[in-house]
Amino acid sequence: MTSPRILPATMADVAPIAELHARSWQATYAHMLPTEHVRSHLVQEHAALWRDRFMRADDPAMRIWKACPDMANGSLAGFVCALSGGDGILLDNLHVAATWQGRGIGRALFHQVRDWASALDPDAALYLWVLASNTRARQFYDRLGGRAGRVHPIAVSPGIEVPALRYVWQTEKI
Ligand SMILES: CC(C)(COP(=O)(O)OP(=O)(O)OC[C@H]1O[C@@H](n2cnc3c(N)ncnc32)[C@H](O)[C@@H]1OP(=O)(O)O)[C@@H](O)C(=O)NCCC(=O)NCCS
């Protein structure tokens, strides 16, 4: 089992995170989204999203972590973002690079968010949205003890809605 280091991400991580995010979308969602969209808009959309998030990096309601392999080669193995709001703590954008999947990194990033969420508000629910057709991620969240809700359309990009499920954990129970 790999022991990745989970560290707070910084503005210097915008480009590698945006790139891994776009690559992961292309690998995972290519068959679920319009081809033109996957090809042409993803990188710009993701770069803008992460720039905006890092511009408000001192927001106490948001955290971004990255997973770094033990080898000091500077590569990014994965990342996750957590946002606290009225409905609980939203785990947003958990992605592990293809070559690092299946080695415990997704679990380590999830646990980082869970620990932050339970310290912030032990009564809050931790939740996320996963596309209904993303079977692999659903199996991963099932394995981590998430409770799946009903299928519901969500907007993944301006003008693009796809069926998704909400997964929930009660933080005091995980
Ligand atoms: C889903 C994802 C985050 C999982 O990360 P990962 O690092 O590969 O998962 P881990 O190695 O930490 O696995 C944790 C546990 O889940 C289990 N698991 C992972 N994928 C699984 C699958 N497809 N089926 C069954 N169990 C699975 C593992 O066996 C492990 O359990 P164990 O430790 O008891 O054996 C990763 O595959 C990924 O980034 N996928 C592409 C992007 C994506 O879909 N993100 C989710 C968006 S909502």
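Here, every reference points to the structure presented above.
Residues numbered from 1 in each chain as written. Predicted model: local features only at pLDDT ≥ 70, side-chain atom pairs only at ≥ 80, totals over all residues. Heavy atoms only, no water.

Draft legend 1. The packing of aromatic side chains, seen in detail. Evaluation of the coordinates by the stated rule reveals 9 aromatic pairs. The interplanar angle of 85 degrees and the centroid separation of 5.2 Å between the aromatic rings of Trp 50 and Phe 79 together place this pair among those described as edge-to-face. Here Trp 50, found in helix α3 (residues 42-55), pairs with Phe 79, found in strand β3 (residues 78-85); they are 29 residues apart in sequence, far enough to count as distant. Classification of Trp 50 as buried rests on a relative accessible area of 0%. An aromatic cluster is defined as three or more aromatic residues linked by ring pairs; in this entry it consists of Phe 110, Phe 140, Tyr 141, Tyr 167 and Trp 169. A cation sits over an aromatic face here: Arg 103 above Trp 100, 4.5 Å from the ring centre. (Phe/Tyr/Trp six-rings, centres within 6.5 Å; stacked < 30°, edge-to-face > 60°. Helix = DSSP H or I, 4+ residues; strand = E, 2+ residues; numbered from the N terminus. Buried < 20%, exposed > 50% of the residue type's maximum accessible area, 1.4 Å probe, protein only. Lys NZ or Arg CZ within 6 Å of the ring centre and 35° of its normal.)

Draft legend 2. Just the sheet that holds strand β2 (residues 62-68), in detail. Pairing is mixed across the open sheet formed by 7 strands, whose spatial order is β1-β2-β3-β4-β5-β7-β6. The open sheet is flanked by β1 (5-8) and β6 (147-157), the only strands paired with a single partner. Taking each pair of neighbouring strands and ignoring which way they run, the sheet shows an average axis angle of 30 degrees. (Pairing = 2+ DSSP bridges. Axes fitted to C-alpha atoms, helices over the stretch in contact; angles between N-to-C directions.)

Draft legend 3. Broad picture of helix α4 (residues 105-120). Here α4 spans 23 Å end to end across 16 residues, near enough to the 22 Å set by a 1.5 Å rise per residue. Among the residues making up α4, those that are buried are Ile 105, Gly 106, Leu 109, Phe 110, Val 113, Arg 114, Trp 116 and Ala 117. (Expected span 1.5 Å × (residues − 1).)

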